[in-house]
Amino acid sequence: MPLLNILGYPTIYETFAILPELLLVLFGCAALVLDVLLPRERKELTAYFCLAGIGTALLALWQVFETNRIRLPFTVFYGMIAVDGFSLTLRLVALVAAALAIAMAVKYLDVEEEQHGEYYALILFATSGMMFLSSGVDFITLYVGLELMALSVYVLVGYLKWNVQFHEKRGEKSSEAALKYFLMGAFSSAILLFGFSIIFGLTGTTNVEQVAGLLPGLFKANMLTTTGDARLMAIMGIALVAAGLFFKIAAVPFHMWAPDAYEGAPTSVTAFMSVGPKAASYAMLARIFLVAFAPLRVTGDPQIPGWAVMFGVVAALTMTVGNVAAVTQQNAKRLMAYSSISHAGFILLGFVAGNEMGYAGAVFYLMAYTVMNLGAFGVLLSLRSEERVGDKLDDLNGLYQKQPALALMMLVCLLSLAGIPGTGGFMGKFYLFGGLIQAGNKWMNILAVVAALNVVISLYYYARFIKAMFTGKEKEEAPVTLSPPLHATIVLTVILVLVMGLYPQPFSQLSRFAVERLGPPTPPQAAQK
Amino acid sequence: MFPPLLATGIEPAHFDIGNIGLLSLVVWLPLVGALALMFFINKEKTDLIRKFTTGWFALCMVPAILLVIKWKPDVQGLQFIENYEWIPMIGAKYQLGVDGMALVLVLLTALLGVLAALCSWEYITTRTKEYYVFLLLLQTGMLGVFAAADLFLFYVFFEVMLVPMYFLIGIWGGERRLYAAIKFFLYTLVGSVLMLLAILKLYFAAPGVAVAHPKEVADSVALLVGNNSGMLALVQDGIDVARNAGGPSGAAGTFNLFALQALGSARGADGLGFIPLNWQLWMFAGFAIGFMIKVPMFPFHTWLPDAHVEAPTAGSVVLAGVLLKIGTYGFLRFNFPMFPDAAKHPVTLSVLGTLAIIGIVYGSLVAMAQKDMKKLVAYSSVGHMGLCMLSMLALNPNGINGSVLQMLNHGISTGALFLLVGVIYERRHTRQISEFGGLANVVPAYATIFFITTLSSIGVPLLNGFIGEFVGLRGVLEAKVSWAFWGATGIILGAAYMLWLYQRVFFGTVTNPRNEGLSDLTAREWAYLLPLVVLMFWIGIYPKPVMKYIDGPTNTIVKQVSPGYFK
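Residues numbered from 1 in each chain as written. Chains lettered and ligands numbered in written order. Predicted model: local features only at pLDDT ≥ 70, side-chain atom pairs only at ≥ 80, totals over all residues.

1. Notes on the overall build of chain A
Point 1. Within chain A, the secondary structure is distributed over 21 helices and 4 strands.
Point 2. Taking 24 Å as the expected radius of gyration for a compact globule of 529 residues, we find that chain A reaches 22 Å, a close match to that expectation.
Point 3. Projected onto its principal axes, the C-alpha positions of chain A cover 70 × 55 × 45 Å.
Point 4. Here chain A holds 529 residues, and 61% of them are scored as buried.
Point 5. Taking the contacts inside chain A whose residues are at least 6 apart along the sequence as the reference set, 79% of them involve residues at least 24 apart. (Helix = DSSP H or I, 4+ residues; strand = E, 2+ residues; numbered from the N terminus. Rg over C-alpha atoms; globule rule 2.2 N^0.38 Å. Buried ≥ 20, exposed ≤ 12 C-beta atoms within 10 Å, placed from the backbone. Contact = placed C-beta atoms within 7 Å.)

As structure tokens, this is what we get:
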């Protein structure tokens, strides 16, 4: 590619690589203007405008892939943004999650009387942040992407106003959740940044591949710098980065914020934040730990265990604590918060396994988790009406009598979340378990058994939903009505869940495409030869 | 890239259009019926729903019977083989095929399906449509389990089946139905997730064997397929996938069930398999826990009485008749041929044997103490299935033959017992033994059928139970005399509690005035009881037609597990 970087600043070709993100931001800004222009009763048009924006971004993403197909992977913007299978796949996941989340929110916001354009604009901004998290290969890019995403989501969590007329507690809860989330989020970002700075201090670079190249050197000899043992510093840096990221994915012991934030946030935001930002945080985790810190996954030194050990312990704790805590919840959103914590633990298994099956499994699981969780939340959203908040488990009672199709679709999503075969959730777990078993070491086998038993615990609380829907006493009070976009979204997610479970081949290929070059990307010059 | 596996003198498979997809039809027809029922029939028309479903189950019998008609008796191993790509990424394929053992169970399942639909006509009064949809879905799941020749496909059926059963118990069950339903689901799920790990371990371990020991594997394939060219192609296909593991297709191994059997039972000059013994033991344990819960063996049996007592009659019939058999079938299909060294290991044998004996004695004693008829029959299942396990642990042709026969017999006689208990429950809405007495005077036909079933259950000669128990115990006697003693004890105890039940319910004078007006069997009840009674006599008097089907597979299993037996 002769035109690349000849002039010494980003060319149009490089800008093209981030076109989807740029489009999202543009549409987001336009949505803000549009919101002012639209009359009060037509505000929901912003949603469709933003959906069009996501559609355009999807097209652009396809073009980025199509035109660069041969020279994948490469980096642009002086090695700050990577265009590779991983970034393309995760960006796709982010866009799909955002589109589904927007389509779900329209009717819900009407009922909440909070139909404003900035809601959708914020989702677009958050999504562009998520996409930078998927494609960033530099600590700076990653951090900026993370903050863009996080700040947008903080606002979204506190989106509900204090509403005197109806359920006045809701607005309070929303604000409380937002403040909690913001304080904890800011704190963890600081920890993350501190970790980054230590790594930067040791290696003199913020680029993930260069860090990967330099880190092992620190461990070679007993390197003593002017400030002390370099190994100790490196371990501290890695631990801090891990802590910051574990907070973002809500892994135990950094999960405390999740139930409160999930419960307090508007349900449509809970749906979005439980999948989109989570997937993006995983992308960042993967980029940092599977590229930058990859050499320290397992160290040869028996005294210094690699980060895989830490991840293994965290994964086991996260799955178990999340599941056990979910069992007794009465609030559906809070239950889903704990369930999403346990899913976070499952995805970490792929990192522990450290082989292609595990990595591909993590990506597959992310895709499946995105659709199945959104599907389940879509049904919870449909329960919201003028008379009913719809976040209690009891609100599902008798759903099958009122809306059999909806209940059956919820059933599919729940079985998928629990990991029953024939659904995407099962295939995800299959790959993750497969990765662990393939790695074949004793501790990984034990971890696989722990994970397998967790599947059983999780079935117990998902069955509570099923029980309520199919055998609960029907309440006559409020009929369940679906808006067309919400209905379409749920149907789409259910179809995806079933396809992922019954014919997973294309998704397996996609997830393998995502991870096959998940290593240091080759610079453009090398790809040219 | 590898030379042909075998240079046998087998004729190339001749193409038979009549067999294409027949097994698929057997498996998927109930699902088609479920979908038709779901989308095209109004839920208000309960009478139509009942008739449609029963008719549909009967229609599903047609391809199953065609299997028997088209069956080639002189061919070893699988027939009606289907082999299509499914998920190349992991090497899972859509592979179906039945051998004699699976065929018998498929037929049993198909028959019990009709009876289950027929016996629910009056029992199920609420949400009829959903009930029959779930019954049809369950049928597809169960048939799929027996027909699958791919481990992944098997696993999918094995677990998906739990969902309709959960609903059948949870919605239409007795008072504690929700508790029983979730208990059933969780218990079975524990077993199956652990089995999934064992499946994965085997999946990754098998390619190594296929690459390193082609000659021994070829021998073991030859032993498995005999003169069956279709099966050879199937197994060969699986072994090729295993040998090219890690190649461009991306699969890391094979799920081909019979290729895995061949790889697992291949043995070197030292007579041991190529998968290290400790791994064989772990994998054996993974599979065994899954199946032990299903059987159920002591101490994993506690879900069974709850599930049986709470389930509607049809649920109990299917549960006892088919679901429990999946456990014992699993042992014979997976555990023994795939991990022969682990199966023969003294620790395995003593642990499983002891648990089976505890199950026999304990199950029978607890059955004796029951006050509820259905619970009594449920605990008798624990005892009978324990005997079934004990006979197969003999690891000789008689023992395994007896075990398979026992599976069939238990399906017939316990299925009939549950149906009979259902009949009386529909009339009196109680199953307490103390509520009854002297029924023989009031409902003679019912009493007669119940008597025949009782005799069949306790193994009286000329009825089916005797054949299974006799053959099985003979096998056990060959293997271990002390086990045979305990097995015989179980039979005696079985006779005791069944006859005592019969005496309390049917003999004497009518003690409870509410029983005086009971009506005898209706035509519909005759219709679902008679086939089972006919089968009891048929197998009891002339078991050869059945033996013909199960003899071959049984011998193959024995050859795979203990090749020295026939020398």
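From this point on, the discussion continues.
2. Quick word on the overall build of chain B
Point 1. The secondary structure content of chain B amounts to 23 helices and 2 strands.
Point 2. Taking 24 Å as the expected radius of gyration for a compact globule of 567 residues, we find that chain B reaches 23 Å, a close match to that expectation.
Point 3. Expressed as lengths along the three principal axes of its C-alpha atoms, the size of chain B is roughly 80 × 60 × 40 Å.
Point 4. When burial is assessed residue by residue, chain B has 61% of its 567 residues classed as buried.
Point 5. Put simply, 80% of the contacts in chain B that link residues at least 6 apart link residues at least 24 apart.

3. Quick look at the pairing of strand β2 (residues 92-98) of chain B
Residue and element names in this part refer to chain B.
Point 1. In terms of burial, β2 is largely enclosed, as 6 of its 7 residues are buried.
Point 2. Across 6 bridges, the pairing between strand β1 (residues 79-87) and β2 is antiparallel. Paired with isoleucine 87 across the strands is alanine 92, a residue of β2.
Point 3. Here β1 folds back onto β2 in antiparallel fashion, the turn holding 4 residues, of which glycine 91 has a positive phi close to 80°. (Pairing = 2+ DSSP bridges.)

4. Observations regarding the interface of chain B and chain A
Point 1. Listed per partner, the contact involves 26 residues of chain B and 25 residues of chain A.
Point 2. Only α5 (151-160), α6 (162-172) and α7 (177-212) of chain B provide two or more residues apiece to the side of chain B that touches chain A.
Point 3. The greatest single-element share of the side of chain B that touches chain A, amounting to 13 residues, is contributed by α7(B).
Point 4. Partitioned by chemical class, the residues of the side of chain B that touches chain A number 22 nonpolar, 2 polar and 2 charged. (Nonpolar A, V, L, I, M, F, W, Y, C, P; charged D, E, K, R; others polar.)

5. Focus on the confidence of the model for chain A
Detail in the predicted coordinates should be disregarded across regions flagged by low pLDDT.
Point 1. Taken over all residues, the pLDDT of chain A has a mean of 86, while the share at 70 or more is 91%.
Point 2. The low-confidence segment residues 519-529 of chain A (pLDDT under 50) makes 20 contacts with residues lying over four places distant or belonging to another chain. (pLDDT = per-residue confidence, 0-100.)

6. Describing the packing of α5(B) against α7(B)
All names here are of chain B.
Point 1. With their axes 11 Å apart at the nearest point, α5 and α7 run at an angle of 175° to one another. Classed by the angle they form, the pair α5 and α7 counts as roughly antiparallel. Taking contact as the criterion, the partners of Leu151, Tyr155, Phe158 and Glu159 in α5 are, on α7, Ser192, Leu196 and Ile199.
Point 2. Across the contact of α5 with α7, the residue classes break down as 5 nonpolar, 1 polar and 1 charged. (Axes fitted to C-alpha atoms, helices over the stretch in contact; angles between N-to-C directions. Parallel < 35°, antiparallel > 145°, perpendicular 65-115°, else oblique.)

7. Side note on helix α13 (residues 313-338) of chain B
Residues and elements named next belong to chain B.
Point 1. The terminal C-alpha atoms of α13, which comprises 26 residues, lie 36 Å apart, in line with the 38 Å expected from a rise of 1.5 Å per residue.
Point 2. Where α13 bends most, at leucine 319, the angle is about 40°.
Point 3. Taking burial as the measure, the 26 residues of α13 include 26 buried ones, the bulk of the element. (Expected span 1.5 Å × (residues − 1). Bend = angle between axes of the 7 residues up to and from the residue.)

8. Structural notes on helix α12 (residues 303-310) of chain B
Residues and elements named next belong to chain B.
Point 1. Here α12 lies mainly inside the structure; 7 of its 8 residues are buried.
Point 2. Leu304, Pro305, Asp306, Ala307, His308, Val309 and Glu310 are the residues of α12 that are buried.
Point 3. Structurally, α12 contributes buried residues whose contacts are with α6, α7, α13 and α16 (373-393).

9. Observations regarding the environment of B:Tyr179
All names here are of chain B.
Point 1. One can find tyrosine 179 in helix α7.
Point 2. Since 15 C-beta atoms lie within 10 Å of it, tyrosine 179 is described here as partly exposed.
Point 3. Taking the C-alpha atoms as reference points, tyrosine 179 and glutamate 310, 131 residues apart in sequence, are found 9.1 Å from one another.

10. Brief notes about unusual backbone geometry
Point 1. A:Val252 connects to A:Pro253 through a cis peptide bond whose omega is 5°.
Point 2. Positionally, A:Pro253 belongs in the loop between α9 (230-249) and α10 (257-264).
Point 3. The peptide bond linking B:Phe298 to B:Pro299 adopts the cis configuration, its omega dihedral lying at 0°.
Point 4. Mapped onto the secondary structure, B:Pro299 falls in the loop between α11 (277-294) and α12.
Point 5. Look at A:Phe77: it is not a glycine, yet its phi comes out positive at around 55°.

11. Remarks on the confidence of the model for chain B
All names here are of chain B.
Point 1. Looking at chain B, pLDDT values average 88 and 96% of them are 70 or higher.
Point 2. Counting contacts from residues 1-15, a segment whose pLDDT is below 50, to residues more than four positions away or on other chains yields 17 contacts.
Point 3. Predicted complex metrics record ipTM = 0.91 and pTM = 0.93.

12. Concerning the packing of helix α11 (residues 267-292) of chain A against helix α13 (residues 332-353) of chain A
Residues and elements named next belong to chain A.
Point 1. Interaxial distance between α11 and α13 falls to 12 Å at its minimum, and their mutual angle equals 15°. With respect to α13, the element α11 is oriented roughly parallel. Both α11 and α13 take part in a crossing whose hand is right-handed. Between α11, through Thr267, Thr270, Ser274, Tyr282 and Phe289, and α13, the contact on the second element is made entirely by Lys333, Met336, Ser340, Ile347 and Phe351.
Point 2. Partitioned by chemical class, the residues of the contact of α11 with α13 number 5 nonpolar, 4 polar and 1 charged. (Left-handed = near helix turned anticlockwise from the far one by under 90°.)

13. Brief notes about the environment of B:Ile182
Point 1. As for its position among the elements, B:Ile182 is in helix α7.
Point 2. On a C-alpha basis, the gap between B:Ile182 and B:Phe152 in space is 25 Å, while along the polypeptide they are 30 residues apart.
Point 3. Excluding its chain neighbours within four sequence positions, the residues that come into contact with B:Ile182 are A:Tyr460 and A:Ala463.

14. A word on the environment of B:Ala484
Residues and elements named next belong to chain B.
Point 1. Looking at the secondary structure, you find alanine 484 in helix α21 (residues 481-506).
Point 2. The exposure class assigned to alanine 484 is buried, which follows from the 20 C-beta atoms found within 10 Å.
Point 3. Separated by 11 residues in sequence, alanine 484 and leucine 473 have C-alpha atoms that sit 6.0 Å apart.
Point 4. Look past the residues within four positions of alanine 484 in its chain and what remains in contact with it is Leu473, Val476 and Leu477.

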